[in-house]
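Residues per chain, in single letters:
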Amino acid sequence: MPRIEFGSWVNDAVEWLTTHMGWLFDFLEQVFRGAYEGVDAVLQAPEPLLLTGIFAVIAVWLRGTLAGALTFVGFAFVISLDLWEDAMVTLSLVLVATVIALVISVPVGIWAARSHRVSAIVRPGLDLMQTLPAMVYLIPAILFFGSGAAAGIVATLVFALAPGVRMTELGIRQVDKELVEAAEAFGTTPRDTLLRVQLPLALPTVMAGVNQVIMLGLSMAAIAGMVGTGGLGGDVNEAIGQLNIGLGAEAGIAIVILAIYLDRMTSALGTQVSPLGRRAAARLRAAQGLKIWSYRPRASVAVVGVVVLALVAGGMGVFGGAGKTDPVAGGDNVGQGKKISIGYIPWDEGVASTFLWKEILEQRGYEVEAKQFDAGPLYTSLAQGDIDFQTDAWLPTTHEQYWKKYGSQLDDLGSWYGPTSLELSVPSYLKGIDSLEDLKGKAGQFDGKITGIESSAGMMSLLKSKVLGEYGLDKEFKVVDSSTPAMLAELKRAYAKREPIVVTLWSPHWAYSDYKLKKLKDPKGAWGEGDGVHTLSRKGFAAENPVVGEWLKDFKLTEEQLTSLESEINKAGKGRQQDAVRAWLKSNPGLVDKLAPVKNTETPAEAKRPLDVAWFPWDEDIAVTYLWKNVLERRGYKLNLKQMDVGPVYTGLASGDLDLNFDAWLPYAQKNYWDKSKDKLHDLGTWYEPTSLELAVPSYVKGVDSLEDLKGKGGTFGGKIVGIEPGTGEMNLLKTKVLPGYGLDDEYEVVDGSTPAMLAELKRAYAKKEPIAVVLWSPHWAYSEYELTKLKDPRKYFGEGNTIRTISNKDFPEQYPQLTKWIKNFKMSEDELGTLEQEIKDRGQGREEEAVAAWLKEHPDMVDRMTPAA
């Protein structure tokens, strides 16, 4: 039977949706993330014990005094585990996902209850949603919405949606039909019947659905920790990855406490919102009499208690806790608070290197977020640009399949540790097995199996496809796919019983210090030369952050440094990784300055004020503007780049709304703009000269070498000269002076357009070998791309040639004295400017920062030449 390519169809559908509906997913991602961040900010703001008090008051109102006391004790226990922040992250995610799920599920449930056809259509979809493995939802969630909260919310609400629909439909269908018929008999409209009869009577069942939505959402929120949502799910995932039973137990208990609270409160709330429920509860209290442990205050009393505690919490949030700041190494705030995100897999070297860089970057003035992922979601997030970099890529072998899939969307910043080694290992108590060759014929001793790790790992692929076959073991041994934690658990169990076992391992790994193991020799070299541990970033990260990019490229750790840092972190325990890194750095003085050197240790005070820099979409302006952006950000400045036309730039500079423009063509091309506003501007000097303005024709157009040669040949060029933006000085000169001066104004029409449009016309005509006359200037890359003839201007109507200058608003030299000095001394040669323009053109639009960073590697003296340290 032929294979049905269902998976390929799904992949094609996902790719189509990602390509054509990306705008919708981006919008939803912003909505979901904004809602989550808002709820999380509210829950994280108060002191934990005060918020615990608010939760306890709500419990007293809904369930009684005993429930309130247990609530306070339970959440206080979570605080004592140092998991409060993570618990609130999980609660925020569940609340947002639940609200969205209910907004969708309740109307759909009502519709299904009122229409058998809708019910029949919806039911198979609900069956699919409830039976599909929960982790499958993470795949489309991260592809459509990126990593983090939005992906977690989407996966959670889809998984939790079904019970909300089912219970709403069930509740309405269970309402006594005679009551509905009676309402209709009295002339009640269908809308009023729904709102006044069916929904009130169905509320207990609907609230049971709400309860189930929350419970399923909470269970999925833990799984969503795999895609970087953090919270208790991230703790569970980390505990699995490190085989840390204690951490798993703590995070699990915290989830249980949260789940019990939400379950009890929503159940009680269902009773409170239902008229029948309230009457039944009132009769029960009257029968039991007043008991202290079941006492429940009136709603107004509970509201007052919550408000008072909330006001106290808000006051503490406003007035308390200020003034605590992290130390900044060397007193230098290089990053100026710029946000950077690091993804990591919960492997020892990944945790150690990630939190080391988190501490270093925070000391250098950056705001850093570390997110935990599994390997697949981490590479996906990097490729999508949701994460800036990760420090634990094992290449070229272990993560080979991820690199093949995503390598074109990533930048490899180099190996910081290596070489590593891949191997099979056995306990040292197994005698006579020291090499892979020694396994031959001994499958019975190991039950014919090799305990492996994740099937997706490159190491596993290499083991199955090459290593076993190379030593003739492929028919004798079966590789058991599992996970790193499961493999380590099997090793621990077998080692305790002194049973034979062979496992996949690698170096460095802490297992070699915990157990006496033998690395089986590989005389045939089937495993290869070993991996390096690489730092990978999203495309263009190093170009946008050149200082951090250089630090990461130069990053190295010795085996002694890495293992001692891992040991320090393991001793400190969960949640104290950064404390461990700080303690380790104290015992390794000078390492921060070595790993993250800052040449100019004092950022000028003027850099605190961001610069508004305007640029034209002209090649030399794009090149020089992005060059200055790269260089100045290394010195601690922040530039806001704004693309504008010439006229608005001069207006903005004159009014003080803009600070700088690096592409003033003076004294001719932009003379009219300069003359109008020169009293409110500053000329900071020439950085490139000389330039020229001209008309140009392809070299295959013979007999046209001068502007004078255009006379009488209007028919050859269709009576037109292809121009650029109508507001430029060159276009004004052409129309008012050049064409009349050569008697061409009646014969030719200047076609206003834009620089890109002119270049497109030139490209089209050149490909067809058609005559064309275009407005151009030097320097321009078109002269290297095409063979063109610059038409001579013997009467000098285009002027003697411009210089390219930097101009600023009137106050700029006073506000930026250091930068003014640097700009006035700035020069570029024709070769430097030309090669930079070519680099930017070759890399394409949107990669200007990447191109500048690459160009600066080839011109390492440029940064110090442009901004010499004082």
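Definitions and limits used
Residues numbered from 1 in each chain as written. Predicted model: local features only at pLDDT ≥ 70, side-chain atom pairs only at ≥ 80, totals over all residues. Heavy atoms only, no water. Helix = DSSP H or I, 4+ residues; strand = E, 2+ residues; numbered from the N terminus. Buried < 20%, exposed > 50% of the residue type's maximum accessible area, 1.4 Å probe, protein only. Contact = heavy atoms within 4.5 Å. Pairing = 2+ DSSP bridges. Axes fitted to C-alpha atoms, helices over the stretch in contact; angles between N-to-C directions. Parallel < 35°, antiparallel > 145°, perpendicular 65-115°, else oblique. Nonpolar A, V, L, I, M, F, W, Y, C, P; charged D, E, K, R; others polar. Salt bridge = Lys/Arg side-chain N within 4 Å of Asp/Glu carboxyl O. Patch = residues over 30% accessible without salt bridge, like charges linked within 9 Å, V, L, I, M, F, W, Y side chains within 5 Å. Areas by Shrake-Rupley, 256 points an atom, 1.4 Å probe, with all protein chains shown as cover. Expected span 1.5 Å × (residues − 1). Arc of directions from axis to C-beta.

1. Quick look at the overall build of the protein
And then number 1: When you go through the protein residue by residue, the secondary structure sums to 36 helices and 20 strands.
And then number 2: When burial is assessed residue by residue, the protein has 51% of its 870 residues classed as buried.
And then number 3: Pairs at least 24 apart in sequence give 80% of the contacts found in the protein among residues at least 6 apart.

2. Focus: the sheet that holds strand β14 (residues 681–688)
Two pairing modes exist for strands in a sheet, parallel and antiparallel, and in both the strands are linked by backbone hydrogen bonds.
And then number 1: Overall, mixed pairing links the five strands, which are arranged β12-β11-β13-β20-β14 in an open sheet. This sheet does not close on itself; its edge strands, each paired only once, are β12 (639–643) and β14. On average, each strand axis in the sheet is tilted by 35° relative to the strand beside it, whichever way the strands run.
And then number 2: In terms of strand pairing, β14 meets strand β20 (residues 803–809) through five bridges, oriented antiparallel. Paired with Thr686 across the bridge in β20 is Arg805.
And then number 3: Sheet strands in contact with helix α26 (residues 619–634) are β11 (611–615), β12, β13 (660–666), β14 and β20, and its direction is about 150° off that of β13.
And then number 4: Across the sheet, helix α27 (residues 646–655) touches β11, β13, β14 and β20, and the angle it forms with β13 is around 125°.

3. A few points about the side chain of Asn211
And then number 1: Checked against the element boundaries, Asn211 lands in helix α10 (residues 190–223).
And then number 2: By relative accessible area, Asn211 is classed as buried at 6%.
And then number 3: Contact partners of Asn211, with chain neighbours within four places excluded, come to Leu262, Asp263, Thr266 and Ser267.

4. As for the environment of Leu462
And then number 1: Relative to the helices and strands, Leu462 resides in helix α18 (residues 458–470).
And then number 2: Note on Leu462: relative accessible area 18%, which makes it buried.
And then number 3: Between the C-alpha atom of Leu462 and that of Leu422, which follows or precedes it by 40 residues, the distance is 9.9 Å.
And then number 4: Excluding anything up to four places from it in sequence, Leu462 contacts Thr397, Leu422, Val467, Ala526 and Trp527.

5. Here's the deal with the packing of helix α2 (residues 22–44) against helix α8 (residues 149–173)
And then number 1: Here α2 crosses α8 at 95°, and the two axes come no closer than 8 Å. Relative to α8, the element α2 is oriented roughly perpendicular. Within the contact between the two elements, α2 uses Glu29, Phe32 and Tyr36 and α8 uses Ala149, Ala150, Ile153 and Val154.
And then number 2: For the contact of α2 with α8, the per-class residue count stands at six nonpolar, no polar and one charged.

6. Quick word on the pattern of salt bridges
And then number 1: In total, this model carries 31 salt bridges according to the counting rule given.
And then number 2: What you see here is one network of salt bridges that share partners, running through Glu359, Asp579 and Arg582.

7. Notes on a nonpolar patch on the surface
And then number 1: Together, Ile4, Phe6, Trp9 and Val10 make up a nonpolar patch on the protein surface, roughly 450 Å² of accessible area in all.
And then number 2: Structurally, the position occupied by Val10 is in helix α1 (residues 6–20).
And then number 3: The class for Val10 is partly exposed, based on a relative accessible area of 36%.

8. Focus on α26
Every α-helical turn comprises 3.6 residues, leaving residues that sit three or four positions apart pointing alike.
And then number 1: Between its first and last C-alpha atoms α26 spans 23 Å; for 16 residues at 1.5 Å apiece the expected length is 22 Å, and the two agree.
And then number 2: Among the 16 residues in α26, 15 count as buried, and that is most of the element.
And then number 3: Gly636 sits one or two residues past α26 and shows a positive phi near 95°.

9. Quick word on unusual backbone geometry
And then number 1: The step from Leu395 to Pro396 runs through a cis peptide bond, and the omega angle for that step is 15°.
And then number 2: With an omega dihedral of 0°, the bond running from Gly418 to Pro419 counts as a cis peptide bond.
And then number 3: Relative to the assigned elements, Pro419 resides in the loop between β4 (410–417) and β5 (421–427).
And then number 4: Even without being glycine, Arg498 reaches a positive phi, approximately 55°.
And then number 5: Its place among the elements puts Arg498 in the loop between α19 (484–497) and β8 (503–507).
And then number 6: We note that Lys769 has phi near 55°; this positive angle belongs to a residue other than glycine.
And then number 7: Residue position: Lys769 is located in the loop between α30 (755–768) and β18 (774–778).
And then number 8: Assessed through its relative accessible area of 54%, Lys769 is described here as exposed.

10. Looking at helix α24 (residues 577–586)
And then number 1: Buried within α24 are the following residues: Gln577, Gln578, Ala580, Val581, Trp584 and Leu585. Axial view of α24: buried residues confined to an arc of 155°, hence all on one face.

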